[in-house]
Amino acid sequence: MRENPPQAPAAEAPPSDRVLLARLAIESALKVDGVVDPHLPPVGGHSTRGAGVHVEGVTVNASPGGIYDVGLHLVARVVPLPALAERVRDRVEGAVRRAGLAERLGPISVRFEDLVEPRPSPVEPPEPASSPPAPFPGHRSP
Amino acid sequence: MIYLLRALSHLVAFVLLTALALAGLAAALFSIGSGSEGLSLPSLANLLRLSGLEQAVGTFLGGLEGGSLRNETLLFGALAVLVSLLLLVGVLRSPAERTMVLANSRAGRIAARRRPLGQAVAALASRARGVAATKVRVKPKRRGLGGRIDVAAMHSRRADPKEVDAGVTESLKSLVDESRRLKVRTRPDTGGAGARTE
């Protein structure tokens, strides 16, 4: 997740529920084993802006009834995707409940924007820790 | 809407290119001869009545410069500009990429983009024993859940097709298992006569 601080000092107002939900959702999703990164499209999008912050990889939109629809845009490893999405949802719902925002949480949609190869087995030489997992050859995120 | 514009722009491009090809053919044919008779360019100009057309266009352009044209002309001009812009949109804007929807409920939607899903399937299928190469087509349903993934697994003639099929199916379980709406169809293939596998 990347959060860009505001250019000018932000007002002291606390972040809105929308931004809090976005932060909680993406932070929780990234803790799930199998999720690699939030997806950052080259032309922008897939992000939530508000209260001077920019939370990428998640869109949070207001819905009727005072709830927010959450959309997660993720890069994942090659694992059973429906099961992974369910784990992500469970993790996000748990985090939101603990933060006291459960009544504001609507449907959580998970979209896998990219899939990367699994971690190398212990027999193979490990990749440098700083390099991100390589996408499949020839893939370029549009 | 974007699909309609794309289809329309493709149709217009086809018609215009065909007309251009026919015009080129006619010009080439009428370049064979010389003079003003037979297969000559002046003869082609006479056939097409280009002198009359030149006069008509000249009159129109003169009226346009003088501001004596009627409102209908302005309307048709504006419509032509609008149609041109729509055709440009149809040519330049690609439709949104279809995604494979794996689940959709009140809890939300689970989806995966088509291209990375296909690449992941290809990578997994190629790990199956005896598979030399793979060709994968991911076909999400236009509406609704799921879709189909076709995997053609190329293998050598020595490999048993049934074993290859079973191996590919097994290797894909790690990705698409538990998806009832997702059908994976594997097809062992030696690549036909003369094909080589490495």
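Residues numbered from 1 in each chain as written. Chains lettered and ligands numbered in written order. Predicted model: local features only at pLDDT ≥ 70, side-chain atom pairs only at ≥ 80, totals over all residues.

Caption draft 1: Up close: the overall build of chain B. Tallying secondary structure elements over chain B gives 6 helices and 5 strands in all. Along chain B, helices (α) and strands (β) appear in the sequence α-α-α-α-β-β-α-β-β-α-β when read from the amino end. Across chain B, the fraction of contacts at a sequence separation of at least 24, relative to all contacts at a separation of at least 6, is 53%. (Helix = DSSP H or I, 4+ residues; strand = E, 2+ residues; numbered from the N terminus. Contact = placed C-beta atoms within 7 Å.)

Caption draft 2: Geometry of the overall build of chain A. Broken down by element type, chain A carries 2 helices and 6 strands. A total of 142 residues make up chain A; the buried ones form 35% of that total. (Buried ≥ 20, exposed ≤ 12 C-beta atoms within 10 Å, placed from the backbone.)

Caption draft 3: A look at helix α1 (residues 17-30) of chain A. All names here are of chain A. Here α1 spans 20 Å end to end across 14 residues, near enough to the 20 Å set by a 1.5 Å rise per residue. Within α1, 10 of the 14 residues are buried, leaving the element largely enclosed by the surrounding structure. Within the span of α1, buried status applies to V19, L20, L21, A22, R23, L24, A25, I26, S28 and A29. (Expected span 1.5 Å × (residues − 1).)

Caption draft 4: Local environment of the packing of α1(A) against helix α2 (residues 81-98) of chain A. Residue and element names in this part refer to chain A. The interhelical angle for the contact between α1 and α2, taken along N-to-C directions, is 135°, at an axis separation of 8 Å. Our classification of the angle between α1 and α2 gives oblique. Here α1 and α2 pass one another in a crossing that is right-handed. For the pair formed by α1 and α2, the contact residues are L21, L24, A25, S28 and A29 on the first element and V88, R91, V92, A95 and V96 on the second. Class assignment of the residues belonging to the contact of α1 with α2 gives a composition of 8 nonpolar, 1 polar and 1 charged. (Axes fitted to C-alpha atoms, helices over the stretch in contact; angles between N-to-C directions. Parallel < 35°, antiparallel > 145°, perpendicular 65-115°, else oblique. Left-handed = near helix turned anticlockwise from the far one by under 90°. Nonpolar A, V, L, I, M, F, W, Y, C, P; charged D, E, K, R; others polar.)

Caption draft 5: Summary view of unusual backbone geometry. Residue and element names in this part refer to chain B. Residue R49 is not a glycine yet carries a positive backbone phi of 55°. For R49, the position within the fold is in the loop between α2 (41-47) and α3 (50-66). For R49, a count of 11 C-beta atoms within 10 Å corresponds to the exposed category.

Caption draft 6: Expanded view of the interface of chain B and chain A. With 22 residues of chain B at the contact, the number on the chain A side is 20 residues. Mapped onto the side of chain B that touches chain A, the elements with two or more residues apiece are β1 (99-105), β2 (108-113), α5 (114-125) and α6 (161-176) of chain B. Along the lines of polarity and charge, the residues of the side of chain B that touches chain A split into 12 nonpolar, 5 polar and 5 charged. Sheet topology places strand β6 (residues 105-116) of chain A next to β2(B); 3 bridges connect them, and they run parallel. Counted as the bridge partner of A:F112 is B:A112 from β2(B). (Pairing = 2+ DSSP bridges.)

Caption draft 7: Examining the pairing of β6(A) more closely. Residues and elements named next belong to chain A. For β6, the tally of buried residues reaches 11 of 12 residues, placing the bulk of the element in the interior. Inspection of the sheet shows strand β5 (residues 67-77) paired to β6 by 9 bridges, in the parallel sense. Directly across from L72, in β6, lies its bridge partner V110.

Caption draft 8: Geometry of the nonpolar core. The biggest cluster of nonpolar side chains holds 56 residues, and the ones touching the most others in it are A:L21, A:A25, A:V70, A:L72, A:L81, B:V121 and B:A125. Among the elements that make up this core, the one with the highest residue count is α1(A) (8 residues). (Core = buried A, V, L, I, M, F, W, Y, C linked by C-beta atoms within 7 Å.)

Caption draft 9: Quick look at the confidence of the model for chain B. Residue and element names in this part refer to chain B. Looking at chain B, pLDDT values average 81 and 90% of them are 70 or higher. Summarising per-element confidence for chain B, the mean pLDDT is lowest in strand β5 (residues 182-189) (70) and highest in helix α1 (residues 2-29) (90). Note on residues 193-198: pLDDT is under 50 here. Beyond four places in sequence and across chains, it has 7 contacts. Interface scoring of the predicted complex returns ipTM 0.74; its pTM is 0.60. (pLDDT = per-residue confidence, 0-100.)

Caption draft 10: The arrangement of the packing of α1(B) against helix α4 (residues 71-92) of chain B in detail. Residues and elements named next belong to chain B. Two elements in contact, α1 and α4, have axes separated by 8 Å at closest approach and are oriented at 100°. Taken together, the axis directions place α1 and α4 in an arrangement best described as roughly perpendicular. Contacts between α1 and α4 pair L5, R6, L8, S9 and V12 from the former with L86, L87, V89, G90 and V91 from the latter. Taken together, the residues of the contact of α1 with α4 sort by class into 7 nonpolar, 2 polar and 1 charged.

Caption draft 11: A look at α3(B). Residues and elements named next belong to chain B. Between its first and last C-alpha atoms α3 spans 24 Å; for 17 residues at 1.5 Å apiece the expected length is 24 Å, and the two agree. Counting buried positions along α3 gives 0 out of 17 residues, so the element sits mostly on the surface. Just downstream of α3 lies G67, where phi reads positive at about 75°.

Caption draft 12: A look at the pairing of strand β4 (residues 58-63) of chain A. Two strands pair when backbone bridges link them, and β4(A) and β5(A) are joined in this way by 6 bridges, in the antiparallel orientation. By the bridge assignment, A:V60 is partnered in β5(A) with A:V70.

Caption draft 13: Region of interest: the confidence of the model for chain A. On average, residues of chain A score 78 in pLDDT, and 71% of them reach the 70 mark or higher. The low-confidence segment residues 6-10 of chain A (pLDDT under 50) makes 3 contacts with residues lying over four places distant or belonging to another chain.

Caption draft 14: Region of the structure containing the environment of B:K162. Residue and element names in this part refer to chain B. Here K162 lies in helix α6. Under the C-beta neighbour-count criterion, K162 is labelled exposed, with 9 such atoms within 10 Å. Put simply, K162 and R187 are 25 residues apart on the chain and 9.6 Å apart in space, counted from C-alpha to C-alpha.

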